[in-house]
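# Close look at the chain arrangement
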Amino acid sequence: MVILRPEPGWSASATAAHTLGLEVAGAPLFEIVPVAWDAPGEVDALLLGSANAARCAGRALAAYAGKPVYAVGEATAAATRAAGLVVLVTGDGDLAELVAAIEPAHRRILRLCGRDRTALAPLHGHEVIERTVYEAKARPLGELPRSAVIALHSPRATAHFAAECARLTLPRARFALAALSPAVAAAAGRGWAQVRSAAQPSDAALLALAREMCKTFVPAVGGP
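Residues numbered from 1 in each chain as written. Predicted model: local features only at pLDDT ≥ 70, side-chain atom pairs only at ≥ 80, totals over all residues. Heavy atoms only, no water.

## Side note on the overall build of the protein
Looking only at helices and strands, the protein has seven helices and 10 strands in total. Relative to its length of 224 residues, the protein is compact, with a C-alpha radius of gyration of 19 Å against a globular reference of 17 Å. Along the longest, intermediate and shortest principal axes, the C-alpha atoms of the protein span 60 × 30 × 30 Å. Counting all 224 residues of the protein, 43% fall into the buried class. (Helix = DSSP H or I, 4+ residues; strand = E, 2+ residues; numbered from the N terminus. Rg over C-alpha atoms; globule rule 2.2 N^0.38 Å. Buried < 20%, exposed > 50% of the residue type's maximum accessible area, 1.4 Å probe, protein only.)

Encoded structure:
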(Lines give C-alpha, C1' and ligand atoms only; values in the text may rest on other atoms or scores of the structure.)
Protein backbone atom coordinates (compact mmCIF):
# COMPACT_ATOMS: atom_id res chain seq x y z
CA MET A 1 0.00 0.00 0.00
CA VAL A 2 0.99 3.63 -0.45
CA ILE A 3 0.81 6.38 2.19
CA LEU A 4 1.02 10.03 1.12
CA ARG A 5 0.15 12.09 4.24
CA PRO A 6 2.61 14.68 5.60
CA GLU A 7 5.11 13.99 8.37
CA PRO A 8 4.98 13.16 11.21
CA GLY A 9 1.72 11.47 10.26
CA TRP A 10 3.41 9.53 7.45
CA SER A 11 5.78 7.74 9.82
CA ALA A 12 3.03 7.09 12.36
CA SER A 13 0.77 5.57 9.71
CA ALA A 14 3.62 3.56 8.22
CA THR A 15 4.51 2.10 11.62
CA ALA A 16 0.88 1.19 12.28
CA ALA A 17 0.60 -0.34 8.80
CA HIS A 18 3.66 -2.51 9.41
CA THR A 19 2.08 -3.90 12.56
CA LEU A 20 -0.84 -4.99 10.37
CA GLY A 21 1.54 -6.82 8.07
CA LEU A 22 1.34 -4.28 5.25
CA GLU A 23 4.25 -3.29 3.04
CA VAL A 24 4.38 0.50 2.76
CA ALA A 25 5.57 2.66 -0.12
CA GLY A 26 5.16 6.32 -1.04
CA ALA A 27 6.29 9.59 0.52
CA PRO A 28 4.56 12.72 1.86
CA LEU A 29 2.76 14.73 -0.82
CA PHE A 30 2.87 17.84 1.38
CA GLU A 31 5.29 19.62 3.67
CA ILE A 32 3.79 21.22 6.79
CA VAL A 33 5.15 24.74 7.35
CA PRO A 34 4.36 27.02 10.34
CA VAL A 35 2.66 30.35 9.62
CA ALA A 36 3.17 33.46 11.75
CA TRP A 37 -0.01 34.45 13.57
CA ASP A 38 -1.26 37.00 16.06
CA ALA A 39 -2.79 35.62 19.22
CA PRO A 40 -6.16 37.19 20.12
CA GLY A 41 -7.00 38.28 23.64
CA GLU A 42 -9.20 36.50 26.12
CA VAL A 43 -10.88 33.29 24.94
CA ASP A 44 -12.82 30.60 26.77
CA ALA A 45 -11.48 27.52 24.95
CA LEU A 46 -9.50 26.34 21.94
CA LEU A 47 -10.59 24.17 19.03
CA LEU A 48 -7.95 22.11 17.23
CA GLY A 49 -8.81 20.05 14.17
CA SER A 50 -5.29 18.79 13.51
CA ALA A 51 -2.19 17.81 15.45
CA ASN A 52 -0.28 20.18 13.17
CA ALA A 53 -2.07 23.11 14.79
CA ALA A 54 -0.55 22.26 18.17
CA ARG A 55 2.85 21.50 16.67
CA CYS A 56 3.08 24.67 14.58
CA ALA A 57 1.47 27.29 16.81
CA GLY A 58 4.78 28.00 18.53
CA ARG A 59 5.46 30.05 21.67
CA ALA A 60 2.23 32.05 21.42
CA LEU A 61 0.35 28.93 22.46
CA ALA A 62 1.72 29.29 26.01
CA ALA A 63 -0.65 32.21 26.56
CA TYR A 64 -3.54 29.72 26.56
CA ALA A 65 -1.99 27.14 28.89
CA GLY A 66 -4.92 27.27 31.29
CA LYS A 67 -7.65 27.08 28.67
CA PRO A 68 -9.56 23.88 27.84
CA VAL A 69 -8.99 22.41 24.39
CA TYR A 70 -11.36 20.53 22.12
CA ALA A 71 -9.16 18.15 20.08
CA VAL A 72 -10.52 16.36 17.02
CA GLY A 73 -8.80 13.04 17.71
CA GLU A 74 -6.23 11.16 19.77
CA ALA A 75 -3.22 12.34 17.75
CA THR A 76 -4.34 15.96 18.10
CA ALA A 77 -4.94 15.48 21.82
CA ALA A 78 -1.45 14.02 22.28
CA ALA A 79 0.18 16.91 20.39
CA THR A 80 -1.89 19.38 22.43
CA ARG A 81 -0.72 17.89 25.73
CA ALA A 82 2.86 17.87 24.47
CA ALA A 83 2.47 21.62 23.84
CA GLY A 84 1.50 22.12 27.49
CA LEU A 85 -2.26 22.57 27.11
CA VAL A 86 -5.14 20.75 28.79
CA VAL A 87 -7.50 18.67 26.64
CA LEU A 88 -11.12 18.83 27.72
CA VAL A 89 -12.72 16.78 24.94
CA THR A 90 -11.13 14.35 22.50
CA GLY A 91 -13.24 13.60 19.45
CA ASP A 92 -13.27 10.55 17.22
CA GLY A 93 -12.02 12.38 14.12
CA ASP A 94 -15.29 14.06 13.13
CA LEU A 95 -14.91 17.84 13.40
CA ALA A 96 -18.64 18.54 13.16
CA GLU A 97 -19.36 16.22 16.08
CA LEU A 98 -16.58 17.82 18.10
CA VAL A 99 -18.01 21.29 17.49
CA ALA A 100 -21.40 20.05 18.64
CA ALA A 101 -19.80 19.05 21.94
CA ILE A 102 -18.60 22.58 22.80
CA GLU A 103 -20.03 23.59 26.16
CA PRO A 104 -22.41 26.59 26.31
CA ALA A 105 -20.14 28.34 28.81
CA HIS A 106 -17.33 28.43 26.25
CA ARG A 107 -18.69 31.31 24.22
CA ARG A 108 -15.48 32.66 22.72
CA ILE A 109 -13.57 29.91 20.90
CA LEU A 110 -10.10 30.18 19.33
CA ARG A 111 -9.75 27.82 16.39
CA LEU A 112 -6.15 27.12 15.36
CA CYS A 113 -6.02 25.59 11.90
CA GLY A 114 -4.29 25.24 8.56
CA ARG A 115 -4.63 27.56 5.59
CA ASP A 116 -6.81 24.92 3.94
CA ARG A 117 -9.48 23.87 6.40
CA THR A 118 -13.06 22.72 6.72
CA ALA A 119 -15.53 25.57 7.05
CA LEU A 120 -17.58 25.46 10.24
CA ALA A 121 -21.31 25.97 10.30
CA PRO A 122 -22.40 29.00 12.35
CA LEU A 123 -22.47 28.22 16.07
CA HIS A 124 -25.41 29.72 17.91
CA GLY A 125 -24.25 31.41 21.09
CA HIS A 126 -20.54 31.08 20.28
CA GLU A 127 -17.97 33.32 18.65
CA VAL A 128 -15.27 31.42 16.74
CA ILE A 129 -12.00 33.24 16.09
CA GLU A 130 -9.86 31.52 13.48
CA ARG A 131 -6.10 31.78 13.20
CA THR A 132 -4.00 30.09 10.51
CA VAL A 133 -0.91 28.59 12.16
CA TYR A 134 0.33 26.28 9.41
CA GLU A 135 0.05 25.48 5.73
CA ALA A 136 0.64 22.36 3.68
CA LYS A 137 2.88 22.97 0.66
CA ALA A 138 2.36 20.49 -2.16
CA ARG A 139 5.19 18.30 -3.45
CA PRO A 140 5.48 16.36 -6.71
CA LEU A 141 4.43 12.74 -6.61
CA GLY A 142 7.38 10.41 -6.23
CA GLU A 143 7.85 6.94 -7.64
CA LEU A 144 4.98 4.53 -7.02
CA PRO A 145 4.47 0.81 -7.47
CA ARG A 146 2.95 -0.09 -10.83
CA SER A 147 -0.33 -0.78 -9.02
CA ALA A 148 -1.29 -0.28 -5.39
CA VAL A 149 -3.86 0.60 -2.77
CA ILE A 150 -3.47 4.30 -1.92
CA ALA A 151 -4.40 5.54 1.59
CA LEU A 152 -5.69 9.12 1.44
CA HIS A 153 -6.28 11.30 4.50
CA SER A 154 -7.71 14.57 3.10
CA PRO A 155 -9.64 15.97 0.13
CA ARG A 156 -6.69 18.17 -0.82
CA ALA A 157 -4.27 15.23 -0.83
CA THR A 158 -6.72 13.26 -2.95
CA ALA A 159 -7.13 16.08 -5.47
CA HIS A 160 -3.36 16.60 -5.64
CA PHE A 161 -2.75 12.89 -6.09
CA ALA A 162 -5.28 12.77 -8.94
CA ALA A 163 -3.66 15.80 -10.60
CA GLU A 164 -0.21 14.26 -10.31
CA CYS A 165 -1.45 11.01 -11.85
CA ALA A 166 -2.75 13.04 -14.79
CA ARG A 167 0.53 14.96 -15.09
CA LEU A 168 2.55 11.74 -15.07
CA THR A 169 0.00 9.90 -17.26
CA LEU A 170 -0.48 7.17 -14.66
CA PRO A 171 -3.61 5.10 -15.42
CA ARG A 172 -6.22 5.49 -12.68
CA ALA A 173 -7.41 1.92 -13.18
CA ARG A 174 -4.15 0.68 -11.66
CA PHE A 175 -4.90 2.22 -8.26
CA ALA A 176 -7.48 1.51 -5.57
CA LEU A 177 -8.18 4.37 -3.17
CA ALA A 178 -8.84 3.93 0.55
CA ALA A 179 -10.30 7.23 1.81
CA LEU A 180 -10.51 8.52 5.36
CA SER A 181 -14.08 9.74 4.84
CA PRO A 182 -16.77 10.14 2.16
CA ALA A 183 -15.61 13.74 1.64
CA VAL A 184 -12.10 12.48 0.88
CA ALA A 185 -13.50 9.85 -1.49
CA ALA A 186 -15.62 12.46 -3.29
CA ALA A 187 -12.51 14.47 -4.13
CA ALA A 188 -11.08 11.55 -6.12
CA GLY A 189 -13.28 11.69 -9.18
CA ARG A 190 -13.85 8.63 -11.33
CA GLY A 191 -11.83 6.04 -13.18
CA TRP A 192 -10.03 4.37 -10.27
CA ALA A 193 -10.09 0.61 -9.78
CA GLN A 194 -11.91 1.13 -6.46
CA VAL A 195 -12.76 3.99 -4.12
CA ARG A 196 -13.90 3.10 -0.58
CA SER A 197 -14.33 5.09 2.63
CA ALA A 198 -13.23 4.02 6.11
CA ALA A 199 -15.91 3.08 8.62
CA GLN A 200 -14.73 5.89 10.90
CA PRO A 201 -12.59 8.98 10.20
CA SER A 202 -9.51 7.62 11.97
CA ASP A 203 -6.13 6.41 10.81
CA ALA A 204 -6.75 3.01 12.41
CA ALA A 205 -9.99 2.54 10.49
CA LEU A 206 -8.36 3.74 7.26
CA LEU A 207 -5.47 1.29 7.60
CA ALA A 208 -7.90 -1.54 8.39
CA LEU A 209 -9.76 -0.72 5.19
CA ALA A 210 -6.51 -0.57 3.22
CA ARG A 211 -5.49 -3.97 4.58
CA GLU A 212 -8.84 -5.44 3.51
CA MET A 213 -8.52 -3.90 0.05
CA CYS A 214 -4.95 -5.15 -0.39
CA LYS A 215 -6.19 -8.72 0.05
CA THR A 216 -8.59 -8.52 -2.88
CA PHE A 217 -7.31 -5.76 -5.16
CA VAL A 218 -6.63 -6.87 -8.72
CA PRO A 219 -5.48 -3.97 -10.96
CA ALA A 220 -6.63 -3.58 -14.53
CA VAL A 221 -4.33 -5.18 -17.09
CA GLY A 222 -2.85 -3.44 -20.09
CA GLY A 223 -2.02 0.21 -20.50
CA PRO A 224 1.34 1.91 -19.97
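And the narrative resumes.
## Let's talk about the layout of surface pockets
Approximately 1,600 Å³ is the volume attributed to the largest pocket. Along the walls of the largest pocket sit 50 residues, with Gly49, Ser50, His153, Ser154 and Leu180 positioned nearest its centre. Per element, the largest residue contribution to the lining of the largest pocket is four residues, and it comes from strand β6 (residues 108-114). Of the residues in the lining of the largest pocket, the class split is 22 nonpolar, 15 polar and 13 charged. (1 Å grid on protein atoms, 1.4 Å probe; cavity = no way out; pocket = protein on both sides within 12 Å on 5 of 7 lines; lining within 4 Å. Points joined across faces, edges and corners; volume = space filled by probe spheres on them. Nonpolar A, V, L, I, M, F, W, Y, C, P; charged D, E, K, R; others polar.)

## Description of the nonpolar core
Among the nonpolar cores identified, the biggest contains 60 residues, and Leu46, Leu112, Ile150 and Phe161 are the most heavily contacted of them. The leading source of residues in this core is helix α7 (residues 203-216), at six residues. Not counting residues up to four positions away in its chain, the partners in contact with Phe161 are Leu4, Leu29, Leu141, Leu144, Ile150, Leu152, Phe175, Leu177 and Trp192. (Core = buried A, V, L, I, M, F, W, Y, C linked by side-chain atoms within 4.5 Å. Contact = heavy atoms within 4.5 Å.)

## Considering the pairing of strand β9 (residues 175-179)
Across the five residues that make up β9, a large majority, five, are buried. On β9, burial covers both faces: Phe175, Leu177 and Ala179 on one face and Ala176 and Ala178 on the other are all buried. Here strand β8 (residues 148-152) runs beside β9; their pairing, made up of five bridges, is parallel. Pairing of Ala151 across the sheet is with Ala178, part of β9. (Pairing = 2+ DSSP bridges.)

## Overview of unusual backbone geometry
Backbone torsion omega between Glu7 and Pro8 reads 0°, so that peptide bond is classified as cis. Not every positive phi belongs to a glycine, and Thr169 is a case in point at roughly 50°. The exposure class assigned to Thr169 is exposed, which follows from its relative accessible area of 59%.

## A short note on the pattern of salt bridges
Taken as a whole, this structure holds 10 salt bridges when the rule is applied. Ionic pairing is found between Arg111 and Glu130, a salt bridge with its closest N-O pair at 2.7 Å. Separated by 19 residues along the polypeptide, Arg111 in strand β6 and Glu130 in strand β7 (residues 127-138) bring together distant segments of the chain. Given a relative accessible area of 31%, Glu130 falls into the partly exposed group. The structure contains a network of salt bridges with shared partners spanning Arg111, Arg117 and Glu130. (Salt bridge = Lys/Arg side-chain N within 4 Å of Asp/Glu carboxyl O.)

## Some words on the sheet that holds strand β2 (residues 30-34)
In space, the six strands of this open sheet follow the order β2-β7-β6-β3-β4-β5, with mixed pairing throughout. A strand with exactly one partner marks an edge of an open sheet, and here the two such strands are β2 and β5 (86-90). Mean inter-strand twist for the sheet, computed between neighbouring axes without regard to direction, equals 30°. Alignment of strand β3 (residues 45-48) against strand β4 (residues 68-71), held across three bridges, turns out to be parallel. Looking at the pairing, Leu47 lines up with Tyr70 of β4. Strands β3, β4 and β5 of the sheet are contacted by helix α3 (residues 74-82), whose axis makes an angle of about 170° with β5. (Axes fitted to C-alpha atoms, helices over the stretch in contact; angles between N-to-C directions.)

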